[in-house]
Amino acid sequence: MSLLKVRDLTVGIGAAQPVDGVSFDLAPGETFALLGESGCGKSLTALALMRLLPAAARIERGSVRFAGDELCGFTEAQMRAVRGGRIGMIFQEPGTSLNPVMTVGAQIAEALKAHAGKADAERVVALLAAVGIPDPARRATEYPFQMSGGMKQRAMIAMALAGEPELLIADEPTTALDVTIQAQVLDLLRELQRQRGMAMLLITHDLGVVAKMADRIGVMYAGQLVEVAPRDAFFAAPAHPYSRRLFAALPEMATRQQRLATIPGSVPPLGTAFRGCRFADRCGEVLSVCRTQAPPWREYASGQRVRCHLETVSQTVKVGAGGTAPEPEETVTLLLEAHDLKVHFPIRRGVLQRAVGHVRAVDGVDLQLAAGRTLALVGESGCGKTTVGKAILGLQPPTAGTLKLDGKPHSGLAPARMQMVFQDPFGSLNPRMRVGAIVAEGRPDADVDSLLLQVGLTPEMAGRYPHEFSGGQRQRIAIARALAVGPQILICDEPTSALDVSVQAQILNLLTDLQERLGLAYLFITHNIGVVDFLAHEVAVMYLGRIVERGTVDEVLRGARHPYTQALLAAVPRIEGAASERLLVPGDPPSPANPPAGCHFHPRCPRATARCHGAYPETAVLSATHSVRCYFPD
Amino acid sequence: MKFVVLWSDALFFLLLAVAVASGIWASRVEHLRLSWRKVGQSQVGMAAATLLLAFVAVALLDSLHYRERLPGDKETYAVEVRSALDALLTGLRTRTEKTYSAPLATHSFAKETLDGEGRDFPRLKHGGAHLGENLAAHETDIAHKAVQGLGMGLVAWLVLWLLGAPLRRAAPHLAWSAAFATLLVLCLAAGAVAALAQGYHVLGTDKVGQDVLYLTLKSIRTGLLIGTLTTLIMLPAAVFLGLLAGYAGGWIDDVIQYLYTTLNSIPGVLLIAAAVLMMQVVIDMHPEWFATAAERADARLLALCAILGITSWTGLCRLLRGETLKLRELEYVQAAQALGVSGLRILSRHILPNVMHIVMIAIVMDFSGLVLAEAVLSYVGIGVDPNTISFGTMINTARMELAREPMVWWSLAAAFVFMFVLVLAANLFADVVRDAFDPRAVK
């Protein structure tokens, strides 16, 4: 007996159908994951279930039966009793889902009153305790701004639990959170689900999260489900070509110095008229029938159902579509050296704006970058990794420390030597300038045509405006702009974190190609361990303004010695080995304005002793390339 | 005849030239052309634009000034400075009565002692004079003239419609139907009024017997000038200081913020009154600066624009500073900094184009506010020169008569209706412009 039965659900916005004929079942206590890239309609599906669609969208046809009731036939008043009551929902952005002028306790009490009739302080505190918030009685009287992101997401979950829901819809519940916090929240959700026997509809784009959480998986593409499968069968052998390619595009799946398999093009825009299979244009195994006839559902013995014409028994995931590139020779020309780099931001208070303290965003960082090499700077948000990038580039004057370029001391900008590629492909291009003018910004006499060709675009795109391009294409334009001045060092600040997996693979391939061809050195700032493994030669792990461990990529990712690095690696949800032993770090990262005494990590560290409270550990050298700042490197 | 170019005329022509030039420039820049096309596709936008253009046309006619040559051998010129509009409306201007008369009346509004006939309403000198003794024909004559006027209006509209055919062909996607519908209404109204004005005072006469229709038409130029010149004066300061404060930060930001906070904390009317009084003293002390009364009045008008401009740049400046603070942190600005692009170039290439929609919206929104501000200031007595005809002075002179029984309502009503139409058209246009230029609007 299924709890939720969705049949042929179709959502229309104007003439377009961003959700088209979605059907699935959800049993009590089960987790069903809707997986897909941005714009495939997975969030709209969830909103349609809750009848919370934006004004422009409407449910065109289909039925949603929840525990025997037809939700599509409910009045708005009946739906209000369902929302937050029998169906709870948590959203992606905990920061904007809580009202900033109400205490957290009052907001939970409001949810309790709406669905349980009465709200007493004890119930509120009990709910906060149930989601693992320490000192819940005090936290209930606090405002959202006094809580960290992870804590706010826990409070959101507590609110969703207030109505004792039978079904919890979680829309990208951990996307905005750091990886160690994500691991905590996912564990909490699983634990709550086990205790309460809730069903969960999990919406995510992250295969790792799916592997950890889901019982069954539905892959969405361009508004349709293309594959529905049990978890084990899906991860053993995804059946739809799109699913297979999603796996192959993951940087974790390729070993270093290989090319990633990519999916050409990008997700079709809303309102595309389809004839035949929606994936046909990007599919490597396309048949002529794919372009004319919509594919039927096929069922396999493994329990997988696939919407595809191709009747091949699914193959195992193919890794690395391209050939292996030769390992570049060891280069020793040091391009860039940073020694004891510090960036402190003063905290000003009072009428006279006197500095009462400092935010130690970067607190003594040493870096070396050699020509043709990639150094990955890894850490969670707020650890100062972006500030390191800006300080090296010269956008942010350092408070202390020395920078050497080619062995000579250097300060300020060096536009012709170092350039930066930014995170947000939408914010990094001036919407009022043509692509040609953007690319030629740093050097008016630049050869725009060849630069565009170099990054995989065509010369006639120079006359167009940025809004006509997709995220991946915009990132290519940003790379062309940086390359125009012929730099040797490219500082990449999370250049792929805003992109879908398939597009991320294209950009990563482009970056490796450019490194091979032009001998560029990358300082690659990221929180994505998979990307690090694929791209980097050396890795430096940052925690609260300091580098805690550094070494070659193998030394750090496969032989981590610092407890923080180990926790960070363990927290990454991996698609293989879902039941791996994990080392969970408790708590949130402390504020860099007021770091803990001694080793900054000791309040969260399982190995901490009295010595760690005393002084920050000195660098322990483990090998010529591997060093770690810990008293107990194990 | 000798042409006279007053300072305000020169600035008004300059403004028109700038508007035409920026229109040509905008048609070459894609995102601007797209936004303006959206304005053109809006029915409301085209109707409001048509009305505004009609007002601008009147103001333009009123800005072509000249001095008439006096008869005689010697080359002497009249002291009065007249405009092309005055020449067109010579009839209206010269047919003055003794005092108040109601719209379309044949008799004066107040009783007078007539020669040997006791007290009665005297016949007007001009209003309905063509009727002679046949007063019974008054109403049929009005109807007759109105219908005639409507017919003439229709003919005029048909001519315009035919002349507009190439325009419609050149840009078929614009909302021409709304524009020509508005034009039809305008033509019919203008035709009827023009026909009636041949024999009557369509909007009555004021205290000294001047035709109110003439006064309202003359007020349009004053209103438009104050609305546009003030913006012109305040715009460079507001844009430059706002961008500078937001981008440079530090002590520059502090200085600019202190400046506009201080200006803002002084009551606006007080500041304007003080400045206007000072300016008046300066003007009175130097009569030799001005050859004619018109020049003196013109100087006062310009000074008022300047004063209004100096006191009203703060709002836009503050808005632009905030927006610049936001844009400064955007990655394309940082990318430009990393490429070593100079600060001034970043301001002009990256920040200014991305705040232009705010400037655009502020200009059109401020316009209507300034037209109203002029009326209020003139009412308080610190506005334009008393000789300058403006909505404010009309309202000011009419206010006492509201207490009369029966009421003299037409001066006020005429000023109100014209100002209302002007401000409404400007506001509707501003709304359409804001929607078209708002980058968050659904594309």
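Residues numbered from 1 in each chain as written. Chains lettered and ligands numbered in written order. Predicted model: local features only at pLDDT ≥ 70, side-chain atom pairs only at ≥ 80, totals over all residues. Heavy atoms only, no water.

### Details of the overall build of chain A
When helices and strands are counted, chain A shows 21 helices and 24 strands. For a compact globule of 634 residues, the expected C-alpha radius of gyration is about 26 Å, and chain A comes in at 26 Å, within 12% of that figure. Here the C-alpha coordinates of chain A stretch approximately 75 × 65 × 50 Å along the principal axes. Classification of the 634 residues of chain A by burial places 54% in the buried group. Sequence-distant contacts, at least 24 apart, represent 67% of the contacts inside chain A between residues at least 6 apart. Accessible area for chain A stands at about 25300 Å²; split by element, carbon and sulfur atoms hold 53% of it. (Helix = DSSP H or I, 4+ residues; strand = E, 2+ residues; numbered from the N terminus. Rg over C-alpha atoms; globule rule 2.2 N^0.38 Å. Buried < 20%, exposed > 50% of the residue type's maximum accessible area, 1.4 Å probe, protein only. Contact = heavy atoms within 4.5 Å. Areas by Shrake-Rupley, 256 points an atom, 1.4 Å probe, with all protein chains shown as cover.)

### A look at the sheet that holds strand 1 (residues 4-13) of chain A
Residues and elements named next belong to chain A. The four strands lie next to each other as 2-1-4-5, forming an open sheet whose pairing is antiparallel. Either end of the sheet is taken by a strand with one partner, and the two such strands are strand 2 (16-26) and strand 5 (69-70). Most of the contacts of helix 1 (residues 42-49) go to strand 1, to which it runs at about 110 degrees, and overall it touches strand 1, strand 2 and strand 4 (57-66). (Pairing = 2+ DSSP bridges. Axes fitted to C-alpha atoms, helices over the stretch in contact; angles between N-to-C directions.)

### Examining helix 3 (residues 43-61) of chain B
Residues and elements named next belong to chain B. Compared with the 27 Å implied by 1.5 Å per residue over 19 residues, the 27 Å span of helix 3 between its first and last C-alpha is a close match. All of the buried residues along helix 3 are Gly45, Met46, Ala48, Ala49, Thr50, Leu52, Phe55, Val58 and Ala59. Those residues of helix 3 that are buried lie in contact with helix 1 (7-26), helix 2 (30-41), helix 4 (84-88), helix 8 (176-197), helix 9 (212-248) and helix 17 (410-437). Where helix 3 begins, the capping side chain belongs to Ser42, and its oxygen is found 3.4 Å from the backbone nitrogen of Val44. (Expected span 1.5 Å × (residues − 1). Polar contact = N/O pair within 3.5 Å; in protein donor to acceptor, adjacent residues only side chain to side chain.)

### Some points on the side chain of B:Arg300
Residues and elements named next belong to chain B. Its place among the elements puts Arg300 in helix 12 (residues 293-312). At a separation of 3.4 Å, a polar atom in the side chain of Arg300 contacts the side chain of Gln280. For Arg300, the side chain forms a polar contact with the main-chain oxygen of Gly383, separated by 3.2 Å. Residue contacts for Arg300: discarding those within four places in its chain leaves Val276, Met279, Gln280, Ile283, Gly383, Val384, Asp385 and Pro386.

### Focus on the pairing of strand 20 (residues 521-526) of chain A
Residues and elements named next belong to chain A. Of all six residues that make up strand 20, six are buried, and the element is covered over most of its length. With burial as the criterion, each face of strand 20 is covered, one bearing Ala521, Leu523 and Ile525 and the other bearing Tyr522, Phe524 and Thr526. In terms of strand pairing, strand 15 (residues 374-378) meets strand 20 through five bridges, oriented parallel. Residue pairing across strands places Leu377 opposite Ile525, the latter belonging to strand 20. Here five bridges tie strand 19 (residues 489-493) to strand 20, and the two strands are oriented parallel to one another.

### Here's the deal with the domain arrangement of chain A
All names here are of chain A. Along its sequence, chain A is organised into domain 1 (4-102 + 162-214) and domain 2 (237-307). At the interface, nine residues of domain 1 touch ten residues of domain 2. When domain 1 packs against domain 2, the two sides together hide about 760 Å² of surface, and 65% of this comes from carbon and sulfur. The tally of links between domain 1 and domain 2 comes to one salt bridge. Summed over the shared surface of domain 1 and domain 2, the result is two residue pairs in polar contact (both at pLDDT 80 or more). Top element by residues in the side of domain 1 that touches domain 2 is strand 2. It accounts for four residues. A class-by-class count of the residues in the side of domain 1 that touches domain 2 yields four nonpolar, three polar and two charged. (Domains from an automatic or database assignment. Buried area = accessible area lost by both parts, 1.4 Å probe. Salt bridge = Lys/Arg side-chain N within 4 Å of Asp/Glu carboxyl O. Nonpolar A, V, L, I, M, F, W, Y, C, P; charged D, E, K, R; others polar.)

### Some thoughts on the confidence of the model for chain B
Predicted confidence across chain B gives a mean pLDDT of 87, with 99% of residues reaching 70 or more. Looking over chain B, one finds the lowest element-wise mean pLDDT in strand 4 (residues 112-114) of chain B, namely 78, and the highest in helix 3 of chain B, namely 93. (pLDDT = per-residue confidence, 0-100.)

### Quick notes on the pairing of strand 8 (residues 199-204) of chain A
All names here are of chain A. The buried count for strand 8 comes to six of six residues, which makes it a mostly enclosed element. Neither face of strand 8 is left uncovered, since the one carrying Ala199, Leu201 and Ile203 and the one carrying Met200, Leu202 and Thr204 both have all their residues buried. Sheet topology places strand 3 (residues 31-35) next to strand 8; five bridges connect them, and they run parallel. Across the sheet, the residue bridging to Phe32 is Leu201, located in strand 8. For strand 7 (residues 167-171) and strand 8, the ladder comprises five bridges, and the chain directions are parallel.

### Examining the pattern of salt bridges
Between side chains of opposite charge, pairing is possible as soon as their charged atoms come close. For the structure shown, the criterion picks out 40 salt bridges over all chains. Between A:Arg417 and A:Asp406 there is a salt bridge whose closest N-O contact spans 2.6 Å. Within this pair, whereas A:Arg417 is found in the loop between strand 17 (408-409) and strand 18 (418-421), its partner A:Asp406 is found in the loop between strand 16 (400-405) and strand 17, the two being separated by eleven residues in sequence. For B:Arg321, the salt bridge goes to B:Asp253, with nearest N and O atoms at 2.6 Å. In this pair, B:Arg321 is assigned in helix 13 (residues 314-328) and B:Asp253 in helix 10 (residues 250-265), connecting sequence segments 68 residues apart. No difference in accessibility class separates B:Arg321 from B:Asp253, as the two residues are buried. Taken together, the shared-partner salt bridges in this structure form one network comprising A:Asp8, A:Asp20, A:Arg61 and A:Arg278.

### Considerations on the sheet that holds strand 11 (residues 297-299) of chain A
All names here are of chain A. Ordered by their spatial adjacency, eight strands build an open sheet running 6-7-8-3-9-10-12-11, and the pairing between neighbours is mixed. In this open sheet, the two strands that pair with only one neighbour each are strand 6 (87-90) and strand 11. Averaged over all neighbouring strand pairs, the angle between strand axes comes to 20 degrees, with direction disregarded. Sheet topology places strand 10 (residues 224-230) next to strand 12 (residues 305-307); two bridges connect them, and they run antiparallel. Its bridge partner lying in strand 12, Val228 is registered against Arg305. Most of the contacts of helix 11 (residues 241-249) go to strand 9 (residues 216-221), to which it runs at about 95 degrees, and overall it touches strand 3, strand 9 and strand 10.

### Side note on the interface of chain B and chain A
On the side of chain A, 24 residues touch chain B, which itself brings 19 residues to the contact. For the pairing of chain B and chain A, the buried interface totals around 2000 Å² over both sides, and the portion due to carbon and sulfur atoms is 55%. For the pair chain B and chain A, the interface holds zero salt bridges. If you look at where chain B meets chain A, you find ten residue pairs in polar contact (both at pLDDT 80 or more).

### Re the packing of aromatic side chains
Between two aromatic rings, the relevant description is the distance of the centres plus the angle of the planes. Counting across every chain of the model gives 18 aromatic pairs over all chains. With a centroid separation of 5.4 Å and an interplanar angle of 90 degrees, the aromatic rings of A:Phe234 and A:Phe235 are classed as edge-to-face. Accessibility expressed as a relative area gives 1% for A:Phe234, which makes it buried. On the basis of relative accessible area, A:Phe235 is assigned to the buried category, the value being 16%. Ring geometry for A:Tyr564 and A:Phe601: centres 5.2 Å apart, planes at 70 degrees, overall edge-to-face. Of this pair, A:Tyr564 sits in helix 20 (residues 563-571) while A:Phe601 is found in the loop between helix 20 and helix 21 (610-614), placing the two residues 37 residues apart along the sequence. An aromatic cluster is built from A:Tyr221, A:Tyr242 and A:Phe279, whose rings are joined through pairwise contacts. Just above the ring of A:Tyr616 sits the side chain of A:Arg546; from NZ or CZ to the centre is 4.2 Å. A cation over a ring is seen here: B:Arg168 above B:Trp161, with NZ or CZ 4.3 Å from the ring centre. (Phe/Tyr/Trp six-rings, centres within 6.5 Å; stacked < 30°, edge-to-face > 60°. Lys NZ or Arg CZ within 6 Å of the ring centre and 35° of its normal.)

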